[in-house]
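# Results of the structural survey
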2 protein chains.
Amino acid sequence: MQEPRTLNDSPLQFDLLWEGQDTRARVGIIHTPHGDVSTPAFCPVGTQATVKTLSPRELVELDARMILGNTYHLYLRPGADIIARLGGLHRFMGWERAILTDSGGFQVFSLQGLRKLDDEGVTFRSHIDGSEHRFTPELVIEIQEKLGSDIAMVLDECPDPLDYDYNREALRRTHLWAERCLRAHSRADQALFGIVQGGIFEDLRAESARVLTGMDFDGYAIGGLSVGEPKEDMLRILEHTVPLLPREKPRYLMGVGSPEDLLECIDRGIDLFDCVLPTRLARNGAVLTPTGRLNLRNARYKEDPTPIQEGCRCYTCQHFSRAYLRHLIISKETLGIRLTTIHNVHFMLQLTRDIRRALLEGHFGEFKAAFLANYRPADPLAREKNLQARRRLLRGE
Amino acid sequence: MQEPRTLNDSPLQFDLLWEGQDTRARVGIIHTPHGDVSTPAFCPVGTQATVKTLSPRELVELDARMILGNTYHLYLRPGADIIARLGGLHRFMGWERAILTDSGGFQVFSLQGLRKLDDEGVTFRSHIDGSEHRFTPELVIEIQEKLGSDIAMVLDECPDPLDYDYNREALRRTHLWAERCLRAHSRADQALFGIVQGGIFEDLRAESARVLTGMDFDGYAIGGLSVGEPKEDMLRILEHTVPLLPREKPRYLMGVGSPEDLLECIDRGIDLFDCVLPTRLARNGAVLTPTGRLNLRNARYKEDPTPIQEGCRCYTCQHFSRAYLRHLIISKETLGIRLTTIHNVHFMLQLTRDIRRALLEGHFGEFKAAFLANYRPADPLAREKNLQARRRLLRGE
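Overview of the structure. (Residues numbered from 1 in each chain as written. Chains lettered and ligands numbered in written order. Predicted model: local features only at pLDDT ≥ 70, side-chain atom pairs only at ≥ 80, totals over all residues. Heavy atoms only, no water.)

## Brief notes about the overall build of chain A
What chain A contains, in helices and strands, is 16 helices and 16 strands. Scored against the burial criterion, the 397 residues of chain A give a buried share of 61%. The contacts in chain A between residues at least 6 apart in sequence include a share of 68% that link residues at least 24 apart. Of the accessible surface of chain A, which amounts to about 14900 Å², a share of 49% is contributed by carbon and sulfur atoms. In chain A, the 51 positive side-chain charges and the 55 negative ones have mean positions that sit 6 Å from each other. (Helix = DSSP H or I, 4+ residues; strand = E, 2+ residues; numbered from the N terminus. Buried < 20%, exposed > 50% of the residue type's maximum accessible area, 1.4 Å probe, protein only. Contact = heavy atoms within 4.5 Å. Areas by Shrake-Rupley, 256 points an atom, 1.4 Å probe, with all protein chains shown as cover. Lys, Arg positive; Asp, Glu negative; His and termini not counted. Charge placed at Lys NZ, Arg CZ, Asp CG, Glu CD.)

## Here's the deal with the environment of B:Leu111
All names here are of chain B. For Leu 111, the location among the structural elements is in the loop between helix H5 (105-110) and strand S7 (116-118). Remark: the alpha-carbon pair of Leu 111 and Leu 339, spanning 228 residues in sequence, is separated by 31 Å. Contact partners of Leu 111, with chain neighbours within four places excluded, come to Tyr 72, Phe 124, Arg 125 and His 127.

## A few points about the sheet that holds strand S8 (residues 122-125) of chain A
All names here are of chain A. Read from one edge to the other, the open sheet built from 3 strands follows the order S7-S8-S9, with strand pairing classed as antiparallel. Where the open sheet ends on each side, the last strands, each with one partner, are strand S7 (116-117) and strand S9 (132-135). Sheet analysis places S7 next to S8, joined by 2 bridges and oriented antiparallel. Each residue of the ladder has a partner; that of Lys 116, found in S8, is Thr 123. (Pairing = 2+ DSSP bridges.)

## Some words on the relation of the copies chain B and chain A
By a simple turn and slide, chain B fits onto chain A: the slide is 0.0 Å along the axis, the RMSD is 0.0 Å, and the turn is 180°. With respect to symmetry, the two chain copies, as superposed, fit the operation of a two-fold axis. Ranked by how close their C-alpha atoms come to the rotation axis, the residues of chain B are headed by B:Thr334, at 3.7 Å. Residue by residue, 100% of the interface of chain B is reproduced at the interface of chain A, so both copies engage with the same surface. (Least-squares fit on C-alpha atoms with pLDDT ≥ 70 in both.)

## So, the sheet that holds strand S8 (residues 121-125) of chain B
All names here are of chain B. Read from one edge of the open sheet, 3 strands run S7-S8-S9, paired in antiparallel fashion. Every other strand in the sheet has two partners, leaving S7 and strand S9 (132-135) as the edge strands with one partner each. Across the sheet, the mean angle from the axis of one strand to that of its neighbour is 15°, orientation sign disregarded. Across 4 bridges, S8 lies against S9 in antiparallel orientation. Counted as the bridge partner of Arg 125 is Glu 132 from S9. Docked against the sheet, helix H7 (residues 164-184) engages S7 and S8, running at close to 75° with respect to S7. (Axes fitted to C-alpha atoms, helices over the stretch in contact; angles between N-to-C directions.)

## Brief notes about the state of the cysteines
All names here are of chain A. According to the stated counting rule, one finds 0 disulfides over all chains in the structure shown. With no disulfide of its own, Cys 275 lies 11 Å from the sulfur of Cys 265, the closest cysteine sulfur. Judged by relative accessible area, which is 10%, Cys 275 ranks as buried. (Disulfide = S-S within 2.5 Å.)

## Observations concerning the pairing of strand S6 (residues 98-101) of chain B
Residue and element names in this part refer to chain B. The two faces of S6 match: Ala 98 and Leu 100 on one face and Ile 99 and Thr 101 on the other face are all buried. The sheet contact formed by strand S5 (residues 66-69) and S6 spans 4 bridges and is parallel. Counterpart to Met 66 in the pairing with S6 is Ala 98.

## Quick look at the packing of aromatic side chains
Enumeration over the complete set of coordinates arrives at 19 aromatic pairs over all chains. With centroids separated by 5.1 Å and ring planes inclined at 65°, the aromatic side chains of B:Tyr75 and B:Phe135 adopt a geometry described as edge-to-face. In this pair, B:Tyr75 is assigned in helix H2 (residues 71-76) and B:Phe135 in strand S9, connecting sequence segments 60 residues apart. Ring pairs connect the aromatic residues A:Tyr72, A:Tyr75, A:Phe124 and A:Phe135, which therefore count as one cluster. (Phe/Tyr/Trp six-rings, centres within 6.5 Å; stacked < 30°, edge-to-face > 60°.)

## Quick notes on helix H14 (residues 334-361) of chain A
Residue pairs three or four apart in sequence face the same way in an α-helix, which turns once every 3.6 residues. Residues and elements named next belong to chain A. Here H14 is 28 residues long and its end C-alpha atoms lie 40 Å apart, about the 40 Å a rise of 1.5 Å per residue gives. Within H14, 21 of the 28 residues are buried, which leaves it mostly tucked inside the rest of the structure. Where H14 terminates, the next one or two residues include Gly 362, which has phi positive at roughly 80°. (Expected span 1.5 Å × (residues − 1).)

## Observations concerning the packing of helix H8 (residues 202-213) of chain B against helix H9 (residues 231-241) of chain B
All names here are of chain B. Across the interface, H8 lies against H9 with an axial gap of 10 Å and an inter-helix angle of 40°. Of the possible angle classes, the one that applies to H8 and H9 is oblique. Every pair of crossing elements has a handedness; the one defined by H8 and H9 is right-handed. Of H9, the residues touching H8 (which contributes Glu 202, Arg 205 and Ala 206) are Arg 236, Ile 237, His 240 and Thr 241. In the contact of H8 with H9, the residues fall into 2 nonpolar, 2 polar and 3 charged. (Parallel < 35°, antiparallel > 145°, perpendicular 65-115°, else oblique. Left-handed = near helix turned anticlockwise from the far one by under 90°. Nonpolar A, V, L, I, M, F, W, Y, C, P; charged D, E, K, R; others polar.)

## Regarding the pattern of salt bridges
Scanning all chains against the criterion turns up 64 salt bridges over all chains. Residue A:Arg268 pairs with A:Glu239 through a salt bridge whose shortest N-O separation is 2.6 Å. Linking A:Arg268 in the loop between helix H10 (259-267) and strand S14 (272-275) with A:Glu239 in helix H9 (residues 231-241), this pair joins segments that are 29 residues apart in sequence. For A:Arg268, a relative accessible area of 15% translates into the label buried. Accessibility expressed as a relative area gives 36% for A:Glu239, which makes it partly exposed. Between B:Asp119 and B:Arg172 there is a salt bridge, and its shortest N-O distance comes to 3.0 Å. Residue B:Asp119 is found in the loop between S7 and S8, and its partner B:Arg172 is found in helix H7; the two are separated by 53 residues along the sequence. Overall, the relative accessible area of 26% leaves B:Asp119 in the partly exposed class. Where salt bridges share partners, they join A:Asp119, A:Glu157, A:Glu169, A:Arg172 and A:Arg173 into one cluster. (Salt bridge = Lys/Arg side-chain N within 4 Å of Asp/Glu carboxyl O.)

## Looking at helix H7 (residues 164-184) of chain A
Residue and element names in this part refer to chain A. Spanning 21 residues, H7 covers 30 Å between terminal C-alpha atoms, matching the ideal 30 Å at 1.5 Å per step. When H7 is considered as a whole, its buried residues turn out to be Asn 167, Ala 170, Leu 171, Arg 173, Thr 174, His 175, Trp 177, Ala 178, Arg 180, Cys 181 and Leu 182. Contacts from the buried residues of H7 go to helix H5 (105-110), S7, S8, helix H6 (137-147), strand S11 (191-196) and helix H8 (202-213). The opening residue of H7, the one whose side-chain oxygen lies 3.3 Å from the backbone nitrogen of Asp 165, is Asp 163. (Polar contact = N/O pair within 3.5 Å; in protein donor to acceptor, adjacent residues only side chain to side chain.)

## Concerning the interface of chain B and chain A
The interface is formed by 36 residues belonging to chain B together with 36 residues belonging to chain A. Carbon and sulfur atoms supply 54% of the area that chain B and chain A bury against each other, a total of about 3300 Å² over both sides. Contact with chain A buries area across many residues of chain B, yet B:Arg57, B:His327 and B:Glu333 alone supply 18% of it, more than any other trio. Here chain B is connected to chain A by 8 salt bridges. Salt-bridge contacts for A:Glu61 lead to B:Arg57; the nearest nitrogen and oxygen are separated by 3.1 Å. (Buried area = accessible area lost by both parts, 1.4 Å probe.)

## Some remarks on the environment of A:Thr316
Residue position: A:Thr316 is located in helix H12 (residues 315-319). Discounting chain neighbours no more than four positions away, the residues touching A:Thr316 are A:Ile308, A:Leu325, A:Leu339, A:Ile342 and A:His343.

## Some details on the environment of B:Arg390
All names here are of chain B. Take Arg 390: it is sitting in helix H16 (residues 380-394). For Arg 390, a relative accessible area of 24% translates into the label partly exposed. Separated by 164 residues in sequence, Arg 390 and Ser 226 place their C-alpha atoms 8.8 Å apart. If sequence neighbours within four positions are ignored, Arg 390 has contacts with Phe 106, Ser 226, Val 227 and Gly 255.

Function cannot be inferred from these measures alone, as they are strictly geometric.
And the structure:
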């Protein structure tokens, strides 16, 4: 077993370029073996070695700097060994920029067929064919090293965020697994992030931050948020937890989020985000605009000659009308999802670029206020329903 | 009612650059209001105002010069009036190059719910919602003028190609409708092609060619082939019919075809083709190569690091392995269909470019022999099954 790495070994340099006075927001650059990622940054999600419907070339044009790959999915299909033999995930999917992989923990704990959980690992059934598999901290590190992502994540237990006793017990295991992941990790060109857990409970979050920052991770994620808890709890926990993380390392909020979430969470000191929102919305016919979401299935767009968003510089808005996009969506043409995905991913990436500039130019407060005044968030009931569904998954219902 | 146009009015100039001695093949350029189309040419099919999965930009990169739009589909959804109000089909779909529209006849005659057919027109039910509609020669011209395609087609009756009596009766109506289409057609920036019918019967084809070439069309299509008849019949009818068409006008074989069909039909004097084959194959996981079709679902490609086709210059072959494409297809990821569609469309377009060069350089015979020696056509049984299905549709079964 290897010795834990020292700080100087880190394959990931994080330059902190700017820190706020009235905000915990900061601006930085993460230098990875596959290029620089300006922060705050939003990572589109490429679950199965593809950001759904988009080509790598389109992602480069959108100037995505880092995407997320899902260890659970890639482990099951096509398998980490195949990807390794084909040169690693970057080469396999033709993506030359940075990749972050999750540990698979969230997917496994969201599965119906969770079989057995003990300190050694977790046994689960594949959603594809029902076959039984077991993840251990060592195995998820091995898989991620085979994938060759720039940033790997530790295996963590993902409990219902509102259940204190479960979170308390899970924390012990999460910390044990974090330690084992760190020891197992050996790939010198791959960073490893710890994940702070503890649900919506400040004492548990504090304990988790204390234990994990005592280990030498290259960055810290906050897990177990935006998984069913009220939004006030999410923001409260961020306010409580972020100050406990080391200033000089990147902070990553997993699975978040919406445009309004990004503003609030960047304001509270988060550097890095990933979320399926822009790609998933597109598959439902919905697009993001500065005034909120539009659903292009709506008959009102049937003859609308305007782009999704006036002034938007994405390929979709430069070339196509809402009427055309609606026609494609109603006609179940793939190009409709592709073009709305391009716009939605552009929207999220442009938002982070705009936030970064506002921070550097010293008017983030005004920018945030103006954006939120203009932006009508998604129906709170729909949001609630969505979060409850995620929470039920984590409870195994 | 307007007077038929004279030759000089034609919005479409066809320059014949080269004609063969040992072959009926020729090389030319069709000048359209939306750019030049070098012939022989293959038109990808954009049924619902999109060549399935591809963006207009990708089609330009593939150097497609003309695509086909389906009048039947666009009339039903989103409707010709909407497209007209949005600036016509080119602008609606963001395609600045040439478009050919069919008349909708083939689709209508393939529908189960054909209601009524008389000399005035044909009544049918929408495949989308079962609503009743009626196409007349005048209406299909009006629709195509609203769409604003560069080349419009006359309404024709599409019978089972093996039924002599039906073809004989249908021919009378097809010719009547051709005349009415020509009279109804008024758009000065749109060409109109007649369609020679007559099934597999040489006397009927001769009669159809005689009647239609007596009318002033800008080009001539041969319809009712590759719809269920044996391949020998298709080639025999081409050999018989092409010499009856005017040398100075483009000849278009509708709905054809496979790589081997293109070679045989170009050899017999055809200039223009359209076919869903490259896009449809891609949706089934199949790709075209110089040695025949491959189905990427096959487990043998699971770890294959090579591109679909060594040396191919398409985006897909330049960046992605068979193993990655197989993974996308097996995982039902849209990008898999997109990337294989890019390759398949490139394959067909490159084949026509290679044929054109071989013709101009005087070695078409060798090129054709070498290609056919190397290329294993699709399973004849599968082909037969496919054609029989099309034939049953035309018999209303």
